[in-house]
Amino acid sequence: MKKRTSNLLEKAHSLVVSVTGTDISKTKRQEVMKDVRAIYRKIKDIDPKIYEVLNDDDNHKTTR
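Since we're looking at a predicted model, the values are computed, not measured.

Criteria and cut-off values
- Every chain is numbered independently, its residues counted from 1 as its sequence is written.
- Thresholds applied to this predicted model are a pLDDT of at least 70 for local features of residues and 80 or more for the giving and counting of side-chain atom pairs; totals over whole chains, interfaces and linings are not thresholded and use all residues.
- As a rule here, side-chain values come from all non-hydrogen atoms in the structure, and water together with hydrogens is ignored.
- A run of DSSP states H or I qualifies as a helix once it reaches four residues; a run of E qualifies as a strand once it reaches two. Both are numbered from the N-terminal end.
- Each residue's exposure class comes from its accessible area (1.4 Å probe, protein chains only) as a fraction of the maximum for that residue type: buried when under 20%, exposed when over 50%, partly exposed otherwise.
- In this description, contact between two residues means that some pair of their heavy atoms is separated by no more than 4.5 Å.
- Here the nonpolar core consists of buried residues drawn from Ala, Val, Leu, Ile, Met, Phe, Trp, Tyr and Cys, with membership extended through side-chain atoms lying within 4.5 Å.
- Fitted lines through C-alpha atoms give the axes, limited to the stretch in contact for helices. The angle between two N-to-C directions lies from 0 to 180 degrees.
- Oblique is the label for any angle not covered by the other classes, which are roughly parallel (under 35 degrees), roughly antiparallel (over 145) and roughly perpendicular (65 to 115).
- With the far helix as reference, a near helix turned anticlockwise by less than a right angle produces a left-handed crossing, and one turned clockwise produces a right-handed crossing.
- Residues are grouped as follows: Ala, Val, Leu, Ile, Met, Phe, Trp, Tyr, Cys and Pro are nonpolar; Asp, Glu, Lys and Arg are charged; all remaining types, including Gly, are polar.

A. Examining the overall build of the chain more closely. For the chain, the helix and strand inventory stands at three helices and zero strands. Counting all 64 residues of the chain, 25% fall into the buried class. Sequence separation of 24 or more characterises 58% of the internal contacts of the chain that already satisfy a separation of 6 or more.

Encoded structure:
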């Protein structure tokens, strides 16, 4: 896995963890998930195979 992809995955994971299981407004959670989706689009350009795996697990698309 490319180092840049790894760094982006780490950043996305950190963002998701920051809004998971806490009392956070729906608006704030949607903003963070929007950022996560942007990171995933960057990953798609860098490493399409990794993006396929991420896309299969569509939790990043959820806007709960």
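On we go from here.
B. The nonpolar core, seen in detail. In this structure, L8, A12, V19, V32, M33, V36, I39, Y40, I43, I46, Y51 and L54 together form the largest nonpolar core, which totals twelve residues. If you list the elements that add at least two residues to this core, you get α1 (3-18), α2 (26-46) and α3 (48-56). In terms of residues, this core owes the most to one element, α2, which gives seven residues. The residues contacting I46, other than those within four sequence positions of it, are K2, R4, T5 and L8.

C. Geometry of the packing of α1 against α2. Running from amino to carboxyl end, α1 crosses α2 at an angle of 165°, the nearest separation of the two axes being 9 Å. As judged from the angle between their axes, α1 and α2 are roughly antiparallel. For α1 against α2, the interelement crossing comes out left-handed. From α1, R4, T5, L8, L9, K11, A12, L15 and V16 reach across to α2, where they touch V32, M33, D35, V36, I39, Y40, K42, I43 and I46. Partitioned by chemical class, the residues of the contact of α1 with α2 number twelve nonpolar, one polar and four charged.

D. Region of interest: the packing of α2 against α3. Contact pair α2 / α3: the axes reach a minimum separation of 6 Å and the direction vectors enclose 140°. Judged by the inter-axis angle, α2 sits oblique to α3. Residue-level inspection shows Y40, I43, K44 and I46 of α2 in contact with α3, the latter providing P48, I50, Y51 and L54. In the contact of α2 with α3, the residues fall into seven nonpolar, no polar and one charged.

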